[in-house]
Amino acid sequence: MPVLTDQVPAHTTRSGPLFSSDKTTVIFVLGGPGAGKGTQCANLVRDYGFKHLSAGDLLREEQDREGSQFGQMIKDYIKDGKIVPKEVTIQLLENRMVEAEKEGKHMILIDGFPRQLDQAISFEEKVCVSAFTLFFDCPEDEMQRRLLDRGKTSGRSDDNIESIKKRFRTFVETSMPVVNAFEKQGKVVKVEAIKTPEEVYQDVKVKLAERGLKVNA
Ligand code: UDP
Ligand code: MG
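How each quantity is defined
Residues numbered from 1 in each chain as written. Chains lettered and ligands numbered in written order. Predicted model: local features only at pLDDT ≥ 70, side-chain atom pairs only at ≥ 80, totals over all residues. Heavy atoms only, no water. Buried < 20%, exposed > 50% of the residue type's maximum accessible area, 1.4 Å probe, protein only. Helix = DSSP H or I, 4+ residues; strand = E, 2+ residues; numbered from the N terminus. Contact = heavy atoms within 4.5 Å. UniProt positions renumbered as here; feature names shortened; annotations may be inferred. 1 Å grid on protein atoms, 1.4 Å probe; cavity = no way out; pocket = protein on both sides within 12 Å on 5 of 7 lines; lining within 4 Å. Points joined across faces, edges and corners; volume = space filled by probe spheres on them. Nonpolar A, V, L, I, M, F, W, Y, C, P; charged D, E, K, R; others polar. Phe/Tyr/Trp six-rings, centres within 6.5 Å; stacked < 30°, edge-to-face > 60°. Lys NZ or Arg CZ within 6 Å of the ring centre and 35° of its normal. Near = heavy atom within 4 Å. Polar contact = N/O pair within 3.5 Å; in protein donor to acceptor, adjacent residues only side chain to side chain. Areas by Shrake-Rupley, 256 points an atom, 1.4 Å probe, with all protein chains shown as cover. Sits in = over half its atoms within 2 Å of the grid points. Core = buried A, V, L, I, M, F, W, Y, C linked by side-chain atoms within 4.5 Å.

Novice: Got a minute to help me understand helix α5 (residues 117-126) in this structure?
Specialist: Residues lying three or four places apart along an α-helix face the same way, a consequence of the helix completing one turn every 3.6 residues. Residues Gln119, Ala120, Ser122, Phe123, Glu124 and Lys126 constitute the buried set of α5. As for α5, its buried residues are in contact with β1 (25-31), α4 (86-102), β3 (107-111) and α7 (161-184).

Novice: Before we go on, may I ask you to explain the UniProt feature "binding site: ATP" (unreviewed entry) in the protein chain in this structure?
Specialist: Annotation from UniProt places "binding site: ATP" (unreviewed entry) at Gly34, Ala35, Gly36, Lys37, Gly38, Thr39, Arg150 and Lys195. Those annotated residues that line the largest pocket are Gly34, Ala35, Gly36, Lys37, Gly38, Thr39, Arg150 and Lys195. Locating Gly34 in the fold gives a position in the loop between β1 and α1 (37-48). Gly34 has contacts with Met143, Arg146 and Leu147, leaving out every residue within four places of it along the chain. Relative to the helices and strands, Gly36 is located in the loop between β1 and α1.

Novice: Honestly, the layout of surface pockets in this entry has me stumped. Any pointers?
Specialist: Over the atoms, a rolled probe matching the size of one water molecule traces out where space is still vacant. Of the volumes computed, that of the largest pocket is approximately 860 Å³. Taken together, 46 residues line the largest pocket, and the ones lying closest to its centre are Lys37, Arg115, Arg150, Arg156 and Arg167. Within the residue set of the lining of the largest pocket, elements represented by two or more residues are β1, α1, β2 (51-54), α2 (55-64), α3 (71-79), α6 (140-154), α7 and α8 (197-210). Across the lining of the largest pocket, the residue classes tally to 16 nonpolar, 16 polar and 14 charged.

Novice: Any chance you could explain the packing of aromatic side chains here in plain terms?
Specialist: For any pair of aromatic rings, the description rests on two quantities: the centre-to-centre distance and the angle between the ring planes. With the rule as written, the count across this model stands at five aromatic pairs. Here Phe28 and Phe123 contribute two aromatic rings whose centre-to-centre distance is 5.5 Å and whose plane-to-plane angle is 65 degrees, an arrangement assigned as edge-to-face. Of this pair, Phe28 sits in strand β1 while Phe123 sits in helix α5; the two residues are 95 residues apart in sequence, bridging distant segments of the chain. Ring geometry for Tyr48 versus Phe50: centroids 5.9 Å apart, planes at 35 degrees, classification tilted. Exposure class is identical for Tyr48 and Phe50. Each is buried. What links up through ring pairs into an aromatic cluster is the set Phe28, Phe113, Phe123 and Phe182. For the cation-ring pair, Lys82 lies above Tyr77, with the distance from its terminal atom to the ring centre recorded as 5.0 Å.

Novice: Help me understand the environment of Val206 in this model?
Specialist: Take Val206: it is sitting in helix α8. Judged by relative accessible area, Val206 falls into the partly exposed class, the value being 46%. Each C-alpha atom, one on Val206 and one on Arg46, is 16 Å from the other, the two residues being 160 residues apart in sequence.

Novice: Whenever I open this one, the site of ligand 1 confuses me. Can you help?
Specialist: The full set close to ligand 1 counts 21 residues, and Lys37, Arg60, Lys82, Val84 and Arg167 are the nearest of them. Between ligand 1 and Lys82, the relevant distance is 2.6 Å, taken from an oxygen atom to a main-chain nitrogen or oxygen of the residue. Measuring from an oxygen atom of ligand 1, one finds a side-chain N or O atom of Arg167 at 2.8 Å. Computed on the free molecule, ligand 1 has an accessible area of 530 Å², of which 96% lies beneath the protein chains in the complex. Spatially, ligand 1 is embedded in the largest pocket. Looking at the shell around ligand 1, the elements that each hand over two or more residues are α2 and α3.

Novice: Explain the nonpolar core here, please?
Specialist: Nonpolar side chains in soluble globular proteins generally cluster together in the buried interior. If you look at the biggest cluster of nonpolar residues, it comprises 31 residues, and the most contacted ones within it are Val26, Met97, Ile110, Phe113 and Phe123. Secondary-structure elements contributing two or more residues to this core are β1, α2, α3, α4, β3, α5 and α7. In terms of residue count, the dominant contributor to this core is α4 (six residues). With residues up to four places along the chain from it excluded, the contact list for Ile110 reads Val26, Ile27, Phe28, Val29, Leu53, Leu93, Met97 and Phe123. Formed by 24 residues, the second largest nonpolar core is a distinct cluster that contains Phe132, Met143, Ile164 and Leu213.

Next comes the structure, spelled out in structure tokens:
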């Protein structure tokens, strides 16, 4: 398992993207906390054969990894609904993309990233230019309901009302500008996420087909 080291993350000194977007298809999956990104990504992995990389899951794993120099910092940022410094998150994603390539997987779903413009810019400069962003649009009261429900069993330090409010604020102020910037490039596929998971997924499949992506036969 590749881990972060004390060295400067490799991507920071690179002059161009490590992966060519001709060979590797990166789809960013964005949406507010509780919009259903993880649920829909699981469907997409099953039916399309994507490799799924959840930035939040990778950060939580690094947080819990014994000996990680970033553990406490990650813990504090997540609880507070803030964005962890991008070098850490980008290196965690890149490490998994290198692994995926070794497994011959070139279709990558990046869930919950980029959540801040500088992350988007650095990732596309140093790791891979994205094909497009799948954006799950959901009203805040519905997301709050889902998160509080999930909080009963998730064990997540940020599924409580105080952290949820902070995450909403970060999403609106910091993450929506990323969606808007990709929208200007014609690179956003937007799906209404208020319906049932099955209904939302039907919509996802239709919209992906419009972008030329077909379910694995
Ligand atoms: N996070 C971060 N950078 C990222 C992605 C996630 O710092 O690129 C942190 C942030 O604090 C966020 C938390 O991880 O609030 C949980 O993210 P996750 O994607 O798991 O939450 P979700 O949106 O799926 O509920
Ligand atoms: Mg998630």
